[in-house]
Amino acid sequence: MIVLGIETSCDETAAAVVRDGWCVLSNVIASQHDLHAEYGGVVPEIASRAHVERIQPVVERALRDAGLGIDSIDAVAVGHRPGLIGALLVGVASAKALAWSLSKPIVGVDHIQAHVYSGFLSGAPLQEGADSLALDDAFPALALVVSGGHTALFRCEDPLRLACIGSTIDDAVGEAYDKAAVILGLPHPGGPNLDALAVRGDERAFQFPQSRLGPESLDFSFSGLKTSLLYAVRGYPGQPDPPAPLDEARRADLAAGFQRAAVGVLMLKLERALDRARRTGAKPRSVLVGGGVSANSRLRAELVRFAGEQGLGLFLPPMPFCMDNAAMIAGLAWHLLRSGASDGLTLEASPSSALTHAVPGAGAW
Ligand code: KG4
Ligand code: ZN
């Protein structure tokens, strides 16, 4: 089955063609970073307008790259939640128009759930040589979504059955990276720039806090880390002496300290989730990771180490599937369609997702 996926939840206009839920025939992403750079963050109205201008050429390009005509498409999938509502509406309206004109089914996909799924798409470095989905070896699984809008841990029975067992109580980790980058004077998008700078710094020069939120908590908090960085750069309240000048070396040390704390707390919570699962007799077989911050060099290295030590499989997306993309939407839609899901032209966009609310009892493992 060939699914055309569309994704417009934030500042990437994306379309992809995916066969049988894993084989990515094309993956086109038109990023709007240049349009938002001067504002230091995504401006929702600018994002919506840019999606309107770009969606049609992006879809045409995805079909061309896949070497397929529009008639070869069996279904249209669209990321319909969560995200910026004006941006989501562009994708949803385009998907409806296409599905209607082709008389094909349309299915709405949750963006967070699609990030969880992104490590199953073909080309994943740890699945090289795979010629079909490696799902049998993956589940049950623990999943970590680390993006600009969300940071959450999930217990997963299969690609469609997820229960949130922890989420951020304030900033998402990507958002913390982006704000930290602004504090350090780095250009937008902050996350990748901070990551690149951190590699050159001394990670022990500054000790930043890692919020644990109690001994058992699987929730995250990044606002304290962000404030600590702000104080280290601008000076602590009540401190008489001005802070040291922010030269290149100090900037790199601050970035390295921030990265160590941010990634450290992600790994700590993942370890806790695994401990808890094993204490209750559950046997997760793998870790699934997705979202823009899964491109982070330190996080990737730590995840490989952790999975190896714990004897777990690791489904970590290759770079083009870390950031917002439509391949993950089309891939997950295949499972939805096979399970009988189909939304029809009444499909609505929604700014929020029920997925990231911790489910009572979900922490049982
Ligand atoms: O998943 P995504 O493309 O969009 C959302 O769904 O939010 O994630 C974007 C986020 C941004 O905050 C960006 O700064 C962050 O992912 N990001 C990174 C890196 N690459 C992207 N953060 C840290 N290190 C990176 N290498
Ligand atoms: Zn995303």
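Fair warning: this is a prediction, and the values are worked out from it, not measured in the lab. (Residues numbered from 1 in each chain as written. Chains lettered and ligands numbered in written order. Predicted model: local features only at pLDDT ≥ 70, side-chain atom pairs only at ≥ 80, totals over all residues. Heavy atoms only, no water.)

Colleague: Any chance you could explain the pairing of strand S3 (residues 23-31) here in plain terms?
Modeller: A regular strand places its side chains so that they alternate between the two faces of the sheet. Looking at chain direction, strand S2 (residues 12-19) and S3 are connected through 8 bridges and run antiparallel. When the bridges of S3 are listed, Ala16 appears paired with Asn27. Here S2 folds back onto S3, and the loop between the two strands holds 3 residues, one of which, Asp20, carries a positive phi near 55 degrees. (Pairing = 2+ DSSP bridges. Helix = DSSP H or I, 4+ residues; strand = E, 2+ residues; numbered from the N terminus.)

Colleague: Got a minute to help me understand the environment of Gly191 in this structure?
Modeller: The topology assignment puts Gly191 in helix H7 (residues 190-198). Taking the relative accessible area as the measure of exposure, Gly191 reaches 15% and is therefore buried. (Buried < 20%, exposed > 50% of the residue type's maximum accessible area, 1.4 Å probe, protein only.)

Colleague: Please explain the coordination of the zinc ion (ligand 2) as it appears in this structure.
Modeller: Angles at a metal have ideal values that depend on geometry: 109.5 degrees with four tetrahedral donors, 90 or 180 degrees with six octahedral donors. Protein coordination at the zinc ion (ligand 2): the donors are His111 (NE2), His115 (NE2) and Asp324 (OD), at 2.0 to 2.1 Å from the metal. Residue class for Asp324 comes out buried when judged on its relative accessible area of 13%. (Donors = N, O, S within 2.8 Å, 3.2 Å for Na, K, Ca; no water.)

Colleague: Is there a simple way to think about the sheet that holds strand S1 (residues 2-7) in this case?
Modeller: Sheet strands pair by backbone hydrogen bonding; their relative direction is either parallel or antiparallel. Strand order in the open sheet made by the 5 strands is S3-S2-S1-S4-S5, with mixed pairing throughout. Of all the strands in the sheet, just S3 and strand S5 (106-110) have a single pairing partner and so form its edges. For this sheet the average axis-to-axis angle between neighbouring strands, irrespective of direction, equals 20 degrees. Judged from the 6 bridges that link them, S1 and S2 form a sheet pairing that is antiparallel. By the bridge assignment for S2, Val3 is matched with Val18. With respect to the sheet, helix H2 (residues 44-66) is in contact with S1, S2 and S3, its orientation differing from that of S2 by roughly 25 degrees. (Axes fitted to C-alpha atoms, helices over the stretch in contact; angles between N-to-C directions. Contact = heavy atoms within 4.5 Å.)

Colleague: What am I meant to see in the layout of surface pockets here?
Modeller: By rolling a water-sized probe across the atoms, one finds the places where empty space is left. Looking at the largest pocket, its volume works out to about 1,100 Å³. Along its surface, the largest pocket is lined by 41 residues, and Cys10, Ser147, Gly148, Gly149 and Asp178 are the ones closest to its centre. For the lining of the largest pocket, the secondary-structure elements that each account for two or more residues are helix H4 (111-117), helix H6 (173-183) and H7. Here the lining of the largest pocket gets 7 residues from one element, more than from any other, and that element is H6. Counted by class, the lining of the largest pocket contains 17 nonpolar, 17 polar and 7 charged residues. Estimated volume of the second largest pocket: approximately 170 Å³. Gln210, Arg260, Ala261, Gly264 and Arg298 are, among the 13 residues lining the second largest pocket, the residues nearest its centre. If one sorts the elements of the lining of the second largest pocket by residue count, helix H9 (residues 248-279) sits on top with 5 residues. Within the lining of the second largest pocket, the residues separate by chemical class into 4 nonpolar, 4 polar and 5 charged. (1 Å grid on protein atoms, 1.4 Å probe; cavity = no way out; pocket = protein on both sides within 12 Å on 5 of 7 lines; lining within 4 Å. Points joined across faces, edges and corners; volume = space filled by probe spheres on them. Nonpolar A, V, L, I, M, F, W, Y, C, P; charged D, E, K, R; others polar.)

Colleague: Quick question: what am I supposed to make of the pairing of strand S4 (residues 75-81) here?
Modeller: The buried count for S4 comes to 6 of 7 residues, which makes it a mostly enclosed element. Inspection of the sheet shows S1 paired to S4 by 4 bridges, in the parallel sense. Bridging from a neighbouring strand, Val3 pairs with Ala75 of S4. As defined by bridge partners, S4 adjoins S5 across 5 bridges and the pair is classed as parallel.

Colleague: Looking at this model, I keep getting lost on the sheet that holds strand S8 (residues 161-167). Mind explaining?
Modeller: Reading across the sheet, the 5 strands line up as S8-S7-S6-S9-S10 and stay open at both edges, with mixed pairing between neighbours. Two strands bound the open sheet, and with one partner strand each, they are S8 and strand S10 (313-315). Adjacent strand axes in the sheet meet at a mean angle of 25 degrees when their direction is disregarded. Where strand S9 (residues 286-290) and S10 come together, 3 bridges link them in parallel fashion. Each bridged residue has a counterpart across the sheet, and for Ser286 the counterpart in S10 is Gly313.

Colleague: For this particular structure, what's the right way to read helix H3 (residues 85-102)?
Modeller: Each α-helix winds once per 3.6 residues, and so residues spaced three or four apart point in a common direction. Its 18 residues give H3 an end-to-end C-alpha distance of 26 Å, which sits within 8% of 26 Å, the value for a rise of 1.5 Å per residue. Every buried residue belonging to H3 is among Ala87, Leu88, Val90, Gly91, Val92, Ser94, Ala95, Leu98, Ala99 and Leu102, and all of these are buried. In this structure, the buried residues of H3 make contact with S1, H2, S4 and S5. The first or second residue beyond H3 is Ser103, which carries a positive phi of 55 degrees. (Expected span 1.5 Å × (residues − 1).)

Colleague: For this particular structure, what's the right way to read the packing of aromatic side chains?
Modeller: For any two aromatic rings, the description comes down to two numbers: the centre-to-centre distance and the angle of the planes. For the coordinates displayed, the defined rule picks out 7 aromatic pairs. For the ring pair Tyr177 and Phe258, a centre distance of 5.2 Å and an interplane angle of 85 degrees mean the geometry is edge-to-face. Of the two residues, Tyr177 is situated in helix H6 and Phe258 in helix H9; the sequence distance between them amounts to 81 residues. When sorted by exposure, Tyr177 lands in the same class as Phe258, which is buried. Aromatic ring contacts, followed pair by pair, group Tyr117, Phe120, Phe139 and Phe315 into a single cluster. (Phe/Tyr/Trp six-rings, centres within 6.5 Å; stacked < 30°, edge-to-face > 60°.)

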